[in-house]
Amino acid sequence: MAGPVIDHRVKATNLPWAVDGASLAKQLGTDHIVLLNDLEATGYSLALLQPSEISTLNRGTPSPQSTMALIAAGTGLGEAFLFWNGDRHVVGSSEGGHTDFAPRTEQEIELLRFMKKRNEFVSVELILSGRGFHTIHEFLDASVRHPSFDGHEDDAAPEITRLGLAGQCAVCVQTLDLWVAIYGAEAGNLALKFLARGGVGVAVGVAVKIRKRMEDGAFFRAFCEKEKFAALLAQIPIYMVLNEEAPLLGAMSQASLAANSGKAKRNPA
């Protein structure tokens with residue numbers, strides 16, 4: 001679920017949904033209910049992915065038992081971290097996507113001003129999500145419009161990214177440039193906050209759909225552009241997850257763990 005899991009319950013952040021683990025257990029007739037934040041589930045998939053399901057954005061210097069970080073821009077912006085417990089990486093969820101947008105350049109400062117006219121609070125998720133493409137496009141040049149602009153903001157993202165990747169609309173190209181740079185900068189912020197020397201995973205969502213732009217170096221450059229830690233950040237491996245079913249894979253692994261734990265309790269040695 002895309003929302004914080006508190007007391008075995010989840011209230012979705014961007015949807016009018018609520019899930020209660022105890023109610024589910026009663027309805028399904030099982031004690032093996034595990035509620036996971038969507039990024040938490042994705043985090044548990046990382047150790048299960050095959051090399052073909054990963055694109056390396058920066059090889060860096062691997063530190064396998066160090067803390068890792070995970071970021072995923074899609075319908076919203078998810079962020080999580082993975083810490084080594086002596087045996088394996090355990091995932092901790094967060095609501096980091098709802099922290100404040102921190103502009104770095106004059107252009108990004110103007111983008112913040114543009115968004116403040118419409119929003120009391122400007123979280124980084126408002127930009128690093130599907131709806132962020134429409135917002136950035138309007139900020140850059142509101143006079144240029146496309147057919148999808150007459151629908152929901154999220155509906156414009158596929159058209160903007162398609163035209164931008166094909167180079168068929170100059171404003172769409174600029175939109176992709178700015179979006180990718182902000183995404184790389186936020187991933188770098190996350191890496192610093194958790195000192196994620198074990199690596200940063202960029203999970204499924206928008207990244208896979210604009211893979212060519214994610215791999216051209218702009219994301220990595222923005223990732224490293226920090227006051228005193230560019231050299232450290234350049235050593236951090238960055239991996240892009242290509243398997244769009246990774247969250248389900250991670251959820252399955254935790255379901256299996258819960259079921260096996262239940263069997264052990266019923267059949268003690």
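In the block above lies the structure referred to throughout.
Just so we're clear, the structure is a prediction, and the values are computed from it rather than from any experiment. (Residues numbered from 1 in each chain as written. Predicted model: local features only at pLDDT ≥ 70, side-chain atom pairs only at ≥ 80, totals over all residues. Heavy atoms only, no water.)

(A) Looking closely at the nonpolar core. Counting residues in each nonpolar core, the largest one holds 49 residues, and the members touching the most others are Leu-111, Trp-179, Tyr-183 and Val-202. Take this core: its biggest share by element is 11 residues, from helix H6 (residues 170–194). Contacts of Trp-179, omitting those with residues within four sequence positions, involve Ala-73, Ile-127, Leu-128, Ser-129, Phe-133, Ile-136, Val-206 and Ile-210. (Core = buried A, V, L, I, M, F, W, Y, C linked by side-chain atoms within 4.5 Å. Buried < 20%, exposed > 50% of the residue type's maximum accessible area, 1.4 Å probe, protein only. Helix = DSSP H or I, 4+ residues; strand = E, 2+ residues; numbered from the N terminus. Contact = heavy atoms within 4.5 Å.)

(B) Structural context of the pattern of salt bridges. Here the structure, examined in full by the defined rule, presents 11 salt bridges. Linking Arg-213 and Asp-216 is a salt bridge whose minimum nitrogen-to-oxygen distance equals 3.1 Å. If you follow the salt bridges from partner to partner, you end up with Arg-104, Glu-108 and Glu-225 in one network. (Salt bridge = Lys/Arg side-chain N within 4 Å of Asp/Glu carboxyl O.)

(C) Layout of the environment of Cys-224. Inspection of the secondary structure assignment puts Cys-224 in helix H9 (residues 218–224). Of the residues examined, Cys-224 reaches a relative accessible area of 10% and is grouped as buried. With 207 residues separating them in the primary sequence, Cys-224 and Trp-17 have C-alpha atoms 38 Å apart. Once residues lying within four places of it in the same chain are set aside, the contact partners of Cys-224 are Ala-230, Leu-233 and Ala-234.

(D) Structural context of helix H3 (residues 106–116). Within H3, the full set of buried residues consists of Glu-108, Leu-111, Phe-114 and Met-115. All buried residues of H3 lie within an arc of 110 degrees about the axis, which places them on one face of the element. Residues of H3 that are buried in the fold lie against helix H4 (130–140) and H6. (Arc of directions from axis to C-beta.)

(E) Inspection of the packing of H4 against H6 at higher detail. Contact geometry for H4 and H6: axes closest at 9 Å, N-to-C directions at 120 degrees. When the interaxial angle is binned, H4 and H6 end up oblique. Between H4 and H6 lies a crossing of right-handed hand. Of H6, the residues touching H4 (which contributes Phe-133, Ile-136, His-137, Phe-139 and Leu-140) are Val-171, Cys-172, Gln-174, Thr-175, Leu-176, Leu-178 and Trp-179. Taken together, the residues of the contact of H4 with H6 sort by class into nine nonpolar, three polar and no charged. (Axes fitted to C-alpha atoms, helices over the stretch in contact; angles between N-to-C directions. Parallel < 35°, antiparallel > 145°, perpendicular 65-115°, else oblique. Left-handed = near helix turned anticlockwise from the far one by under 90°. Nonpolar A, V, L, I, M, F, W, Y, C, P; charged D, E, K, R; others polar.)

(F) Up close: the environment of Arg-113. When you line up the elements, Arg-113 lands in helix H3. Classification of Arg-113 by relative accessible area gives partly exposed; the value is 48%. The spacing of Arg-113 and Phe-139 is 26 residues in sequence and 10.0 Å in space, taken between C-alpha atoms.

(G) Broad picture of the sheet that holds strand E3 (residues 18–20). Judged by pairing direction, the sheet is antiparallel, and its three strands sit side by side in the order E1-E2-E3 without closing on themselves. Lying at the two open borders of the sheet, with one neighbouring strand each, are strand E1 (5–6) and E3. (Pairing = 2+ DSSP bridges.)

(H) Highlighting the pairing of strand E8 (residues 199–202). Side chains of E8 alternate between two faces, with Gly-199 and Gly-201 and Val-200 and Val-202 buried alike. Pairing geometry for strand E5 (residues 68–73) and E8, over four bridges, is parallel. Across the sheet, Ala-69 pairs through a bridge with Val-200, a residue of E8. In this sheet, strand E9 (residues 238–241) lies alongside E8 in parallel orientation, the contact comprising three bridges. Paired with Val-200 across the bridge in E9 is Ile-238.

(I) Representation of the side chain of Ser-66 within the structure. Within the secondary structure, Ser-66 sits in the loop between strand E4 (54–58) and E5. The class of Ser-66 is buried, set by a relative accessible area of 13%. For Ser-66, the side chain forms a polar contact with the side chain of Ser-63, separated by 2.5 Å. (Polar contact = N/O pair within 3.5 Å; in protein donor to acceptor, adjacent residues only side chain to side chain.)

(J) Representation of the state of the cysteines. On inspection of all chains with the given rule, the structure shows zero disulfides. With no disulfide of its own, Cys-169 has Cys-172 as its nearest cysteine by sulfur position, at a separation of 3.2 Å. (Disulfide = S-S within 2.5 Å.)

(K) Main features of unusual backbone geometry. With phi around 55 degrees, Asp-7 is a residue other than glycine that occupies positive phi space. Examined against the element boundaries, Asp-7 turns out to sit in the loop between E1 and strand E2 (9–11). The backbone of His-8 sits at a positive phi, close to 65 degrees, despite the residue not being glycine. Among the structural elements, His-8 can be located in the loop between E1 and E2.

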